[in-house]
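Chain by chain, the residues:
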Amino acid sequence: MQLEGKVVVVTGGGNGIGEGMVRRFVAEGANVLAADLDAEAVRSVAEETGSLGVAADVSMEESIFELVETAESELGPIDLFCSNAGIGPSGGVEMSNEMWQKIWEINTMSHVYAARACLPGMLARGEGYLLQTVSAAGLLTNLGAAAYSVTKHAALAFAEWVSVTYGDRGIKVSALCPQFVQTDLLADLASDPNVAQWVKTSTISVEEVAEAVVRGLEAERFLILPHPEVETFFQRKATDYDRWLAGMRKLQASLDLEM
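Let us look at the structure shown here. The shown structure was predicted, so the numbers you read here are calculated from the model rather than taken from an experiment. (Residues numbered from 1 in each chain as written. Predicted model: local features only at pLDDT ≥ 70, side-chain atom pairs only at ≥ 80, totals over all residues. Heavy atoms only, no water.)

1. Quick look at the overall build of the protein
Under the convention used in this document: Put simply, DSSP marks the helices as runs of H or I at least four residues long and the strands as runs of E at least two long, and each gets a number from the N terminus on. Computation of the radius of gyration draws on C-alpha atoms, with the globule rule given as 2.2 Å multiplied by the number of residues to the power 0.38. Buried residues are those whose accessible area, probed at 1.4 Å on protein chains only, stays under 20% of the maximum for their type, while exposed residues exceed 50% and partly exposed ones sit between those limits. In this description, contact between two residues means that some pair of their heavy atoms is separated by no more than 4.5 Å. Each accessible area is a Shrake-Rupley result for a 1.4 Å probe, and residues are judged covered by the shown protein chains and nothing else. Note that His is not counted, nor are the chain ends; the positive residues are Lys and Arg, and the negative ones are Asp and Glu. Charge placement uses NZ in Lys and CZ in Arg. For Asp and Glu, CG and CD serve respectively.
Helix and strand counts for the protein stand at 10 helices and 9 strands. What you see for the protein is a C-alpha radius of gyration of 18 Å, in line with the 18 Å of a compact globule of 259 residues. By principal-axis analysis of the C-alpha atoms, the protein measures approximately 55 × 40 × 35 Å. A burial count over the protein gives 49% of its 259 residues as buried. Contacts in the protein between residues at least 24 apart in sequence constitute 66% of all its contacts with a sequence separation of at least 6. Working note: accessible area of the protein is about 12,300 Å², and carbon and sulfur atoms make up 51% of it. Placing the 18 positive and 36 negative side-chain charges of the protein at their respective mean positions leaves the two points 7 Å apart.

2. A closer look at the packing of helix 1 (residues 16-27) against helix 8 (residues 206-219)
In a pair of packed helices, the angle between the axes and the distance between the axes together describe the arrangement. Quick note on the threshold: Axis lines are fitted to C-alpha atoms, over the contacting stretch for helices. Their N-to-C directions set the angle, which ranges from 0 to 180 degrees. Should an angle fall under 35 degrees it is called roughly parallel, over 145 degrees roughly antiparallel, and 65 to 115 degrees roughly perpendicular, with every other angle called oblique. Crossing handedness is defined as follows: a turn of the near helix away from the far one that is anticlockwise and smaller than a right angle gives a left-handed crossing, while the clockwise case is right-handed.
Orientation of helix 1 relative to helix 8, taken along the N-to-C sense of each, is 60°, at an axis distance of 8 Å. Regarding the angle of helix 1 to helix 8, the classification is oblique. Pair helix 1 / helix 8 crosses with right-handed handedness. Of the residues in helix 8, those touching helix 1 at Gly16, Ile17, Gly20, Met21, Arg24 and Phe25 are Val206, Val209, Ala210, Glu211, Val213, Val214, Arg215 and Leu217.

3. Here's the deal with the environment of Gln182
Relative to the elements of secondary structure, Gln182 occurs in the loop between strand 7 (180-181) and helix 6 (184-190). Once the C-alpha coordinates of Gln182 and Val22 are considered, the two residues, 160 residues apart in sequence, prove to be 16 Å apart. Among residues more than four places away in sequence, those in contact with Gln182 are Thr203, Ile204, Ser205 and Val206.

4. Here's the deal with helix 2 (residues 39-49)
Quick note on the threshold: Here the arc refers to the set of directions running from the helix axis out to each C-beta atom.
Here helix 2 has its buried residues at Ala41, Val42, Val45, Ala46 and Thr49. One face of helix 2 carries all of its buried residues, which in axial projection span an arc of 135°. Among the exposed residues of helix 2, those pointing more than 90 degrees away from its buried face are Glu40, Glu47 and Glu48. On its buried face, helix 2 is in contact with helix 1, strand 2 (31-36) and strand 3 (52-55).

5. Focus: the pattern of salt bridges
Inclusion rule: In what follows, salt bridge is the name for a side-chain nitrogen of Lys or Arg lying within 4 Å of a carboxyl oxygen of Asp or Glu.
One pass over the full model with this rule turns up 8 salt bridges. Residue Arg23 pairs with Glu19 through a salt bridge whose shortest N-O separation is 2.9 Å. With Arg23 and Glu19 both in helix 1 and 4 residues apart, the pair spans about one turn of that helix. Through salt bridges with shared partners, a single ionic network connects Arg24, Glu28, Glu211, Arg215 and Glu218.

6. Details of the pairing of strand 2
Rule in force here: A pair of strands counts as paired when DSSP detects no fewer than two bridges linking them. Clockwise travel from the first strand over the helix to the second, with the strands pointing away from the viewer, marks a crossover as right-handed.
Among the 6 residues in strand 2, 5 count as buried, and that is most of the element. When strand 1 (residues 7-11) meets strand 2, the two strands line up parallel, connected through 5 bridges. Residue pairing in the sheet places Val8 in a bridge with Val32 of strand 2. Pairing of strand 2 with strand 3, which is carried by 4 bridges, proceeds in the parallel orientation. Bridging across to strand 3, Ala35 finds its partner in Val54. Considered for its hand, the β-α-β crossover made up of strand 2, helix 2 and strand 3 is right-handed.

7. Some thoughts on the nonpolar core
What counts, and what does not: Think of a nonpolar core as a cluster: buried Ala, Val, Leu, Ile, Met, Phe, Trp, Tyr and Cys residues, connected wherever their side-chain atoms sit within 4.5 Å.
Leu67, Ile78, Phe81 and Leu130 are the most contacted members of the largest nonpolar core, which totals 31 residues. Only strand 1, strand 2, helix 3 (61-74), helix 4 (97-125), helix 5 (146-166) and strand 6 (171-176) provide two or more residues apiece to this core. Ranked by the residues each element gives to this core, the list is headed by helix 4, at 10 residues. Sequence-distant contacts of Ile78, defined by excluding residues within four places in its chain, comprise Val7, Val9, Val68, Ala71, Glu72, Cys118, Met122 and Arg125.

8. Comments concerning unusual backbone geometry
Here Ser135, not a glycine, exhibits a phi torsion of approximately 100°, which is positive. Inspection of the secondary structure assignment puts Ser135 in the loop between strand 5 (128-133) and helix 5. Residue classification places Ser135 among the buried residues on the basis of a relative accessible area of 9%. One non-glycine residue, Glu220, adopts positive backbone phi at about 55°. Within the element layout of this structure, Glu220 appears in the loop between helix 8 and strand 9 (223-224). A relative accessible area of 37% means that Glu220 is categorised as partly exposed.

9. So, the packing of helix 3 against helix 4
Keep this limit in mind: Amino acid classes used here: Ala, Val, Leu, Ile, Met, Phe, Trp, Tyr, Cys and Pro are nonpolar; Asp, Glu, Lys and Arg are charged; the rest, including Gly, are polar.
Viewed as axis vectors pointing N to C, helix 3 and helix 4 meet at an angle of 40°, and their least axial separation amounts to 9 Å. Classified by the interaxial angle, the pair formed by helix 3 and helix 4 is oblique. Like other packed secondary-structure pairs, helix 3 and helix 4 cross with a definite hand, here right-handed. For the pair helix 3 and helix 4, the contacting residues are Glu61, Ile64, Phe65 and Val68 in the first and Ser110, Tyr113, Ala114, Arg116, Ala117 and Cys118 in the second. When the residues that make up the contact of helix 3 with helix 4 are grouped by side-chain class, the tally is 7 nonpolar, 1 polar and 2 charged.

See the structure below:
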């Protein structure tokens, strides 16, 4: 996909990876609607980039449907919907049911809601693109964050299903799977001195992620991996699962992460 002239929606567009994508997509000549729960942040990004800024709560299906209606009425049929918003609190099985449900709604169900809202129009036109920000945690796992890992695995499975089910009807799907990126989410993780150095060694900027996204969309690749090493880790996991699990346990012990 070439972005020039395309109508694009980006959720989580008020900061982090979403903001980076909004800025890059506008620079590529796309007509962008940026959405975020933080109304002030997304309005600021919209004013600076000349995009359309809308407040939205992706955990609510009706909010995503309203978002799609706004984009279509203001900009035209959606060519690319980037379901990017997500949260990543740390914690394990002890996390409350309410928090597990909240993470599930935002990290997984928001992708379902976006597809449900966009697919009818895209299928009628015979073309459309869904980009889902999944995270390397969806391919591997995230130490110390059970719900994040589980919901990101589910998001990847849903992206696969949409690609298999609708790929021959003109629907393209990409799963963006970065590892560590310079965002507020990473700042919380890196505040732990046990993991700060580990994180620092493989952290990239949101601009580098946006560049990888543009190149991935051009090639229409399913997996977009801003960190090339993630592909190697994923291959190791697939070829020797037990060895990979042992290695992850060793890494967890070296970082002194106890659950």
